[in-house]
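Here's the letter readout for the chains.
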Amino acid sequence: MDESQLLTRARAGDPAAERALYDAHVDRVYRLAYRLAGSDDLAQDFTQDTFIRAFERLKDFRGESSFATWLHSIAVSVSLNGLRKVKRLRTREADLNDAGDHEWSVRRAEPDLKLRLAQAIDALPPGYRTVFVMHDVEGFTHEEIAGALGLQPGTSKAQLSRARAKLRTALADFAGEWTA
Amino acid sequence: MTDDNFESFLQRTARDYNAPPPTPRDAMWARIEAERRARSSSAASQGGRAHRWLMLGAAIAAMLLVGIGIGYVLRGTMDSRLVAEGPSAAPDSAGRQLAGIGSESASVHDSGSRPGSRNAAGTTDDRTPRERAPFAPEERLAVVPPGSHAAPRNAPESMSQQGPRSGGIGAGNNRESAAYAALTAEHLGRVEMLLTSYRAESERGQVDPQITSWAGDLLGTTRLLIDSPGSSDPRLRKLLGDLEIVLTQITQLGAEHGSKKDELQLIDQSLRSHDVMTRIRGATPAGAGALPIGT
């Protein structure tokens, strides 16, 4: 059964079709959510919310893009909004507790390349970070990224380029790693 | 070195950035299904609850309309009786009813000084004011305690002892009293339903705003019944007075943000100390306040 048939049956409320669509797409959605969130709990929350919203709004999906692109746009939106809320909460907690044991504090103490890279990616502006994670980490194409984020493919390419430039600056201490 | 080297280095190194574990498919699917079921049942119960309250509100509005209708019918019947009774009595009585004047002394004074105290035949009308106007305003508008007689001061002793509800004079009053009793019984039935719902809600520590709104509606009717000339039974007036206090307390829950535990305890205390529920049940005939099916 192809995806359009599954979509037709899922729109009619067929639970088996919904499960089939879920099985077909959940890995990529979960991986993307995890890459953006860096936490299993958050990634699971974002993935569940993505599919709940997708099934609720399935009647609004007109097939102008692929179902995967439409689903990823929901996933990115859910994840970024969720992360904003989490960031606000963590900032409040940090203000209250003045805790110095945050993850990034630990990372700063480690001069390891991968940790420095993780810090640098975390520090990217959200738009750049999302494009970088989708393209360089998860292997999305610029067309897929553009469809999911509502951008032109050229904008996606430009943001990726700027993200890489920032990372290159941030990792200047490790230049020997890629020039060798 | 070229950008290509950096890009390939970046892609290679970044693979470990927030590396995801295997996808917990089944666990997430179970939670998705549970969440969707909870949402759909919540939406259904909210719709059902709104429908139930809507029907209840409609039933209360219908009851009030029926009460107003009964009042109009009774007034029309009595006015036509007054016209049939005699031309000298009718304008005075009917005029008073509409104007809301109803003191006993005023009635006596008016009847003595008015030129219309002569009847149509031109003879002096030596009947007592009560005989001239059988549905005298004081009977309609004044709250008459039981056992007392609203006869004029200058009425003969026998008439005074006869009381307002004897013979043909009492027929209109009986009908009025019956209408009042029916409305009161209906109202008490509604209040009992409200208080039962309230108690169920208050046990959870939170009262639905629709209950406080409903209490506000019933509070208005309670005050009308207290102020009605038909509320001559002191026990009933006391009960209505106690209900007014309880309903006011419940209504004020809605004005405060969130139902405070202390307020709920005070209301429960009022209900218990005045034995309100038992008194309502004692004053309500079986079946009063029953709603149409579907409410």
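Above this note sits the structure.
Residues numbered from 1 in each chain as written. Chains lettered and ligands numbered in written order. Predicted model: local features only at pLDDT ≥ 70, side-chain atom pairs only at ≥ 80, totals over all residues. Heavy atoms only, no water.

Scanning chain A from N- to C-terminus turns up 10 helices and zero strands. When each of the 180 residues of chain A is scored for burial, the buried share is 44%. If you take every contact in chain A between residues at least 6 apart in sequence, the share linking residues at least 24 apart comes to 58%. Total accessible area on chain A is roughly 9,400 Å²; 48% of this is exposed by carbon and sulfur atoms. (Helix = DSSP H or I, 4+ residues; strand = E, 2+ residues; numbered from the N terminus. Buried < 20%, exposed > 50% of the residue type's maximum accessible area, 1.4 Å probe, protein only. Contact = heavy atoms within 4.5 Å. Areas by Shrake-Rupley, 256 points an atom, 1.4 Å probe, with all protein chains shown as cover.)

All names here are of chain B. Counted at 1.5 Å a residue, the expected span for helix α11 (residues 261-273) with its 13 residues is 18 Å, and the 18 Å between its end C-alpha atoms agrees. Taken together, the buried positions of α11 are occupied by L264, I267, S270 and L271. All buried residues of α11 fall inside an arc of 120° around its axis, so they share one side. Away from the buried face of α11 by more than 90 degrees, exposed residues K261, D262, R272 and S273 are located. Phi turns positive one or two residues past the end of α11, at D275, with a value near 50°. (Expected span 1.5 Å × (residues − 1). Arc of directions from axis to C-beta.)

Turning next to a nonpolar patch on the surface. All names here are of chain B. Taken together, L65, I68 and Y72 make up a surface patch of nonpolar side chains, about 360 Å² in accessible area. As for its position among the elements, L65 is in helix α2 (residues 25-85). Overall, the relative accessible area of 59% leaves L65 in the exposed class. (Patch = residues over 30% accessible without salt bridge, like charges linked within 9 Å, V, L, I, M, F, W, Y side chains within 5 Å. Salt bridge = Lys/Arg side-chain N within 4 Å of Asp/Glu carboxyl O.)

Mapping R129(A) onto the fold places it in helix α7 (residues 126-137). No salt bridge forms around the buried R129(A); measuring N to O, its nearest opposite-charge neighbour D122(A) is 4.1 Å away. Residues in contact with R129(A), not counting those within four places in the same chain, are R35(A), L36(A), L83(A), I121(A), D122(A), L124(A), Y17(B) and N18(B). (Lys, Arg positive; Asp, Glu negative; His and termini not counted.)

This brings us to the interface of chain B and chain A. Every contact between the two is made by 30 residues of chain B and, on the other side, 42 residues of chain A. For the pair chain B and chain A, the summed buried surface comes to about 3,500 Å²; carbon and sulfur atoms form 61% of the total. At the junction of chain B with chain A, the criterion picks out seven salt bridges. For R19(A), the salt bridge identified is with D26(B), shortest N-O distance 2.8 Å. Summed over the shared surface of chain B and chain A, the result is 17 residue pairs in polar contact (both at pLDDT 80 or more). Those elements that provide at least two residues to the side of chain B that touches chain A are α1 (3-14) and α2 of chain B. Residue composition of the side of chain B that touches chain A, by class: 14 nonpolar, six polar and 10 charged. (Buried area = accessible area lost by both parts, 1.4 Å probe. Polar contact = N/O pair within 3.5 Å; in protein donor to acceptor, adjacent residues only side chain to side chain. Nonpolar A, V, L, I, M, F, W, Y, C, P; charged D, E, K, R; others polar.)

This part is about the nonpolar core. With 62 residues, the main nonpolar core has Y22(A), F51(A), F67(A), I121(A), F132(A), L167(A) and L171(A) as its most contacted residues. When residues no more than four places from it in sequence are discounted, the contact partners of F51(A) are L21(A), Y22(A), H25(A), V26(A), V29(A), L71(A) and I32(B). (Core = buried A, V, L, I, M, F, W, Y, C linked by side-chain atoms within 4.5 Å.)

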